[in-house]
Amino acid sequence: RCLTQALLHRDFGILMTLPEDRLCPPVCTKIFAPRLNYILWLQDVLDATDLPSSADKSVQGIDIGTGASAIYPLLGCSTNTTWNFYATEIDETSLTCARQNVVENHLEARITVLQADFDSTILPCEVFEQSSQLDFTMCNPPFYRNREEISISAEAKQLGPNAVCTGADTEMITPGGEVSFVRQMVLESLRWSTRCRHFGLGRWFTSMLGKMSSLTEIVELLKVNKIGNYGITEFVQGRTRRWAIAWSFGRTHLPDVSERTANRRVLI
């Protein structure tokens, strides 16, 4: 936790409070950086589809389940001066800490942390209804269905963990696991399909995934719902492998391949 706080301050100028009973987001580019790579990939997506990521127009994103750290909005705003965020969070402790981190970094004008509701939709309806410009959504969903699945996953790993997991159940577990969570996001996004176009481009809905099998299921869901404009990518950092998917109802498609020196991201 102290190392993460020190590196965030040194490399990004970010001040962060991290509770002992919530996930600590390692972001060191030499150790483990899927979070930073997610931000960089989003920037690639916006650039590739002619949506401005840093030029003459502000960009508005939504982070679903921002966590206690609010790491994605903080990284996004620190690396892209025109980015702004809504961030949703369902857990009271994480919500309080996320808002504190936003205030500590003087980003209240660019990051708005909203309380989510168990009985509400995943995509915040009030934001979609009120905002005339939304360029992307992002999400790092809870990966697991239950505690048993967490134990099975840990036992299956060839090497022991390189850190202590301090995540709360709300951060790591959701009914049906990550596939169910992202499936609901896809179905909810259909509601906004006719309102997701500005000048023929369209906003991007995205999510990270922890399993290749999950990615396959979500792609099939997109096809069933006749969403043909989507892209996938893989984040590889050391022993860690993650995937992400983006879909849009706009007419501008992603290129086949996008390159960065630190990490290869394939867009299909």
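Scroll up for the structure.
Residues numbered from 1 in each chain as written. Predicted model: local features only at pLDDT ≥ 70, side-chain atom pairs only at ≥ 80, totals over all residues. Heavy atoms only, no water.

**Q** Before we go on, may I ask you to explain the packing of aromatic side chains in this structure?
**A** Here a ring pair, both rings aromatic, is described through the centre-centre distance and the interplanar angle of the planes. Tallied over the entire structure, the rule returns eleven aromatic pairs. A centroid spacing of 5.9 Å and a plane angle of 15° characterise the contact between Phe205 and Trp247, whose relative ring orientation is stacked. In this pair, Phe205 sits in strand S5 (residues 204-209) while Trp247 sits in strand S7 (residues 240-248), placing the two residues 42 residues apart along the sequence. A relative accessible area of 0% places Phe205 in the buried class. (Phe/Tyr/Trp six-rings, centres within 6.5 Å; stacked < 30°, edge-to-face > 60°. Helix = DSSP H or I, 4+ residues; strand = E, 2+ residues; numbered from the N terminus. Buried < 20%, exposed > 50% of the residue type's maximum accessible area, 1.4 Å probe, protein only.)

**Q** Explain the nonpolar core here, please?
**A** When a protein is soluble and globular, its nonpolar side chains tend to lie buried together. Of all hydrophobic cores here, the largest spans 36 residues; its most connected members are Tyr38, Trp83, Ile111, Phe136 and Met138. A total of seven residues in this core trace back to one element, the largest contributor, which is helix H2 (residues 34-48). Once residues lying within four places of it in the same chain are set aside, the contact partners of Phe136 are Leu42, Leu46, Val59, Gln60, Gly61, Ile62, Trp83, Phe85, Arg203 and Trp204. Of all hydrophobic cores here, the second largest spans 30 residues; its members include Val127, Leu134, Val182 and Trp192. (Core = buried A, V, L, I, M, F, W, Y, C linked by side-chain atoms within 4.5 Å. Contact = heavy atoms within 4.5 Å.)

**Q** Got a minute to help me understand helix H4 (residues 92-104) in this structure?
**A** A turn of α-helix holds 3.6 residues, and therefore any two residues three or four places apart point the same way. Counted at 1.5 Å a residue, the expected span for H4 with its 13 residues is 18 Å, and the 18 Å between its end C-alpha atoms agrees. Restricting attention to buried positions, one finds in H4 the residues Ser94, Leu95, Cys97, Ala98, Asn101 and Val102. N-capping of H4 is provided by Asp91, with a side-chain oxygen placed 3.3 Å from the backbone N of Thr93. At the exit of H4 stands His106, carrying a positive phi of roughly 55°. (Expected span 1.5 Å × (residues − 1). Polar contact = N/O pair within 3.5 Å; in protein donor to acceptor, adjacent residues only side chain to side chain.)

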